[in-house]
Amino acid sequence: MIYRYISILKNHKHPVRFVLARLLTLSGLCRFLTIPQKGYQIRFHPANLSTNLWIDPGFREDALSFFNAYLKPGDRVIDVGANIGDTVLTSSLCVGPSGQVIGIEAHPRTFSFLTENIVLNRTTNVALIHSAAGDQNGTVKFSDSRYDDMNQVSHGNLEVPVSRLDDLIPTTDSIALLKIDVEGYELPVFRGASRILSQTECIYFEVGEAMCNDFGYTPLTLLKEVALHGFTLFVHEGGTILRFLPSNQTFDPYVNIIALRRPETIRTRTDWSPSAA
């Protein structure tokens, strides 16, 4: 174990903060600290994402670039797999008082951290739902890993509620952005969201070969499911780089997909321009 940590420290960009983060987490003192982000604060909970943010407050900037570029005041956003809330809070700032963000998180401890972060920021345009999303209503088993941003449906002993998105969210409003990050359970989420998808303009989701295989389907099956609902698929490679999904795309370890009902939306909402290569 000690050799593993020595190796981590040798290769880490912020070795001193990494050690301090571990000590703060083990002592419980981390909970007294907050981490400044652009326009909001994140509590330093004993969670993987908040630990990484404390070590490097800017490490999520690229991952959040699409949210900041795409979302506008008055938009409606659904965030499935909201974790501790950095995408929820970023979206909340972008859509403003006239917009709304619905954050959905299945893991009970992570949901409590998410709730604390919303309260910490006195956010009034966010609604939170404690549930997994899938193609059925009832309960499912859920994992409880120390790497809590990678917890999954059907991979542990926690029992959590699960519902179809169509049942969780009865709104008839247009949805500007549906973000899904559920570690391979995306296909059941989409299959339980036919009505929500018909109201959605853009979907941001992750596709990984191993994660899909974990649940008995392939990335191609997932992408075909999304395309059947009338979306054009793009790969978000980071920053402002967006390209049409190529036929030879690989998904190892994963890629971020942006699905647009109307491809021209990306040009009207952002200064991004999709390329073919």
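Structure: see above.
Just so we're clear, the structure is a prediction, and the values are computed from it rather than from any experiment.

Chemist: So what's going on with the packing of aromatic side chains? Residues and values would help.
Modeler: Here the structure, examined in full by the defined rule, presents eight aromatic pairs. Centre to centre, the rings of Phe-66 and Tyr-204 are 5.5 Å apart; their planes meet at 25°, and the pair counts as stacked. Here Phe-66, found in helix α4 (residues 65–70), pairs with Tyr-204, found in strand β10 (residues 202–207); they are 138 residues apart in sequence, far enough to count as distant. Residue Tyr-204 is classed as buried on the basis of its relative accessible area, which comes to 7%. On the numbers, 5.3 Å between centres and 80° between planes, the contact of Phe-190 with Phe-205 is edge-to-face. One end of the pair, Phe-190, is in helix α8 (residues 186–191); the other, Phe-205, is in strand β10, and 15 residues separate them in sequence. Here Phe-190 falls in the buried class, since its relative accessible area comes to 1%. Residue class for Phe-205 comes out buried when judged on its relative accessible area of 1%. Note that Arg-269 overlies the ring of Tyr-70, its terminal NZ or CZ placed 4.4 Å from the centroid.

Chemist: Break down the side chain of Asn-125 for me, citing the residues and quoting the values.
Modeler: Among the secondary structure elements, Asn-125 is positioned in the loop between α6 (108–120) and β5 (126–130). Setting aside chain neighbours within four positions, we find Asn-125 in contact with Ser-92, Val-95, Gly-96, Pro-97, Gly-99, Gln-100 and Val-101.

Chemist: How would you summarise helix α2 (residues 15–27) if you had to cite specific residues and measurements?
Modeler: Its 13 residues place the ends of α2 19 Å apart at the C-alpha level, agreeing with the 18 Å of an ideal helix rising 1.5 Å per residue. Taken as a whole, α2 has its buried residues at Phe-18, Ala-21 and Leu-24. Buried residues in α2, looked at end-on, bunch into an arc of 130°, giving them a common side. Of the residues in α2, the exposed ones pointing more than 90 degrees away from the buried face are Val-16, Leu-23 and Leu-26.

Chemist: Got a sec to walk through a nonpolar patch on the surface? Specific residues and values, please.
Modeler: Judged by side-chain polarity, Val-16, Val-19, Leu-20 and Leu-23 come together as a nonpolar surface patch covering roughly 340 Å² of accessible area. Within the secondary structure, Val-16 sits in helix α2.

Chemist: Just give me the short version of the sheet that holds strand β12 (residues 241–244), but keep the residues and values in it.
Modeler: Judged by pairing direction, the sheet is mixed, and its eight strands sit side by side in the order β5-β4-β3-β9-β10-β13-β11-β12 without closing on themselves. Only two strands of the sheet have a single partner each, and these edge strands are β5 and β12. Looking at each pair of strands side by side, their axes are set apart by 20° on average, direction ignored. Taken together, the five bridges between strand β3 (residues 76–80) and strand β4 (residues 100–105) define a ladder with parallel strand orientation. Counted as the bridge partner of Arg-76 is Gln-100 from β4. Across the face of the sheet, helix α5 (residues 86–95) comes into contact with β3, β4, β5 and β9 (177–180) while running at roughly 170° to β4. Running at roughly 165° to β5, α6 makes contact with β4 and β5 of the sheet.

Chemist: How would you sum up the state of the cysteines? Please name residues and give values.
Modeler: Counted under the stated rule, the structure contains zero disulfides. As a non-bridged cysteine, Cys-212 has Cys-202 as the owner of its nearest cysteine sulfur, 19 Å distant.

Conventions we followed
Residues numbered from 1 in each chain as written. Predicted model: local features only at pLDDT ≥ 70, side-chain atom pairs only at ≥ 80, totals over all residues. Heavy atoms only, no water. Phe/Tyr/Trp six-rings, centres within 6.5 Å; stacked < 30°, edge-to-face > 60°. Helix = DSSP H or I, 4+ residues; strand = E, 2+ residues; numbered from the N terminus. Buried < 20%, exposed > 50% of the residue type's maximum accessible area, 1.4 Å probe, protein only. Lys NZ or Arg CZ within 6 Å of the ring centre and 35° of its normal. Contact = heavy atoms within 4.5 Å. Expected span 1.5 Å × (residues − 1). Arc of directions from axis to C-beta. Patch = residues over 30% accessible without salt bridge, like charges linked within 9 Å, V, L, I, M, F, W, Y side chains within 5 Å. Areas by Shrake-Rupley, 256 points an atom, 1.4 Å probe, with all protein chains shown as cover. Salt bridge = Lys/Arg side-chain N within 4 Å of Asp/Glu carboxyl O. Pairing = 2+ DSSP bridges. Axes fitted to C-alpha atoms, helices over the stretch in contact; angles between N-to-C directions. Disulfide = S-S within 2.5 Å.

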